Amino acid sequence: MKRSDVIRTLQVQFKNMRTSDAMAILDCVMNEMKSAVANDDRIEIRGFGTFQPRQRATKNGYNPSTGEIIHLDANKTILFKPSRELTKKMNG
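Residues numbered from 1 in each chain as written. Predicted model: local features only at pLDDT ≥ 70, side-chain atom pairs only at ≥ 80, totals over all residues. Heavy atoms only, no water.

(A) The arrangement of a nonpolar patch on the surface in detail. Taken together, the side chains of Ile25, Val29 and Met30 present a nonpolar region at the surface, about 230 Å² in accessible area. Structurally, the position occupied by Ile25 is in helix α2 (residues 19–38). (Patch = residues over 30% accessible without salt bridge, like charges linked within 9 Å, V, L, I, M, F, W, Y side chains within 5 Å. Areas by Shrake-Rupley, 256 points an atom, 1.4 Å probe, with all protein chains shown as cover. Salt bridge = Lys/Arg side-chain N within 4 Å of Asp/Glu carboxyl O. Helix = DSSP H or I, 4+ residues; strand = E, 2+ residues; numbered from the N terminus.)

Set out below in structure tokens:
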């Protein structure tokens, strides 16, 4: 599903909504989610899942083509955990 699909779905759900209004709503929601994750906040969307920032530790990896060991610095990533409802819907 692409951004344009979400906007079109909003317009179908709310018949009188203009494209620019749907885009503004989607942008607002996405910006709030981005700023929450950037501030190390957990995002919970009931019935969908949770997004949680995680800190990865420093570790040693290797270059598969040369076999050379390389140092990988600590960094942040985002963990998504789907809700039970979403998991049940995906599995049938």
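Resuming the write-up.
(B) Structural detail: the packing of aromatic side chains. Taken as a whole and assessed by the stated rule, the structure comprises three aromatic pairs. Here the aromatic rings of Phe48 and Phe80 are separated by 5.4 Å at their centres, their planes lie at 45°, and the arrangement is tilted. Of the two residues, Phe48 is situated in the loop between β1 (43–45) and β2 (49–56) and Phe80 in strand β5 (residues 75–82); the sequence distance between them amounts to 32 residues. By relative accessible area, Phe48 is classed as partly exposed at 36%. Members of the aromatic cluster, each reached through a chain of ring pairs, are Phe48, Phe51 and Phe80. (Phe/Tyr/Trp six-rings, centres within 6.5 Å; stacked < 30°, edge-to-face > 60°. Buried < 20%, exposed > 50% of the residue type's maximum accessible area, 1.4 Å probe, protein only.)

(C) Focus on the sheet that holds β1. Read across the sheet, three strands follow the order β1-β2-β5 without closing on themselves; strand pairing throughout is antiparallel. Here the strands that pair on one side only, and so sit at the sheet edges, are β1 and β5. Neighbour to neighbour, the strand axes of the sheet diverge by 25° on average, direction disregarded. Against the sheet, α2 engages β1, β2 and β5, with an angle of about 140° to β1. (Pairing = 2+ DSSP bridges. Axes fitted to C-alpha atoms, helices over the stretch in contact; angles between N-to-C directions. Contact = heavy atoms within 4.5 Å.)

(D) Structural view of α2. Over its 20 residues, α2 extends 28 Å from the first C-alpha to the last, a length consistent with the 28 Å expected when each residue adds 1.5 Å. Of the residues making up α2, those classed as buried are Ala22, Leu26, Met33, Ala36 and Val37. Down the axis of α2, the buried set is contained in an arc of 105°. They therefore lie on one face. For α2, the exposed residues lying more than 90 degrees away from the buried face are Glu32, Lys34 and Ala38. Buried-residue contacts for α2 involve α1 (3–13), β1, β2 and β5. Where α2 terminates, the next one or two residues include Asp40, which has phi positive at roughly 60°. (Expected span 1.5 Å × (residues − 1). Arc of directions from axis to C-beta.)

(E) Spatial organisation of the nonpolar core. Among the nonpolar cores identified, the biggest contains five residues, and these are Met33, Ala36, Val37, Ile43 and Phe51. Tallying contributions element by element places α2 first for this core, with three residues. For Ile43, the residues in contact, after removing those within four places along its chain, are Met33, Ala36, Val37, Gly49, Thr50 and Phe51. (Core = buried A, V, L, I, M, F, W, Y, C linked by side-chain atoms within 4.5 Å.)

Coordinates in, geometry out; function isn't part of it.
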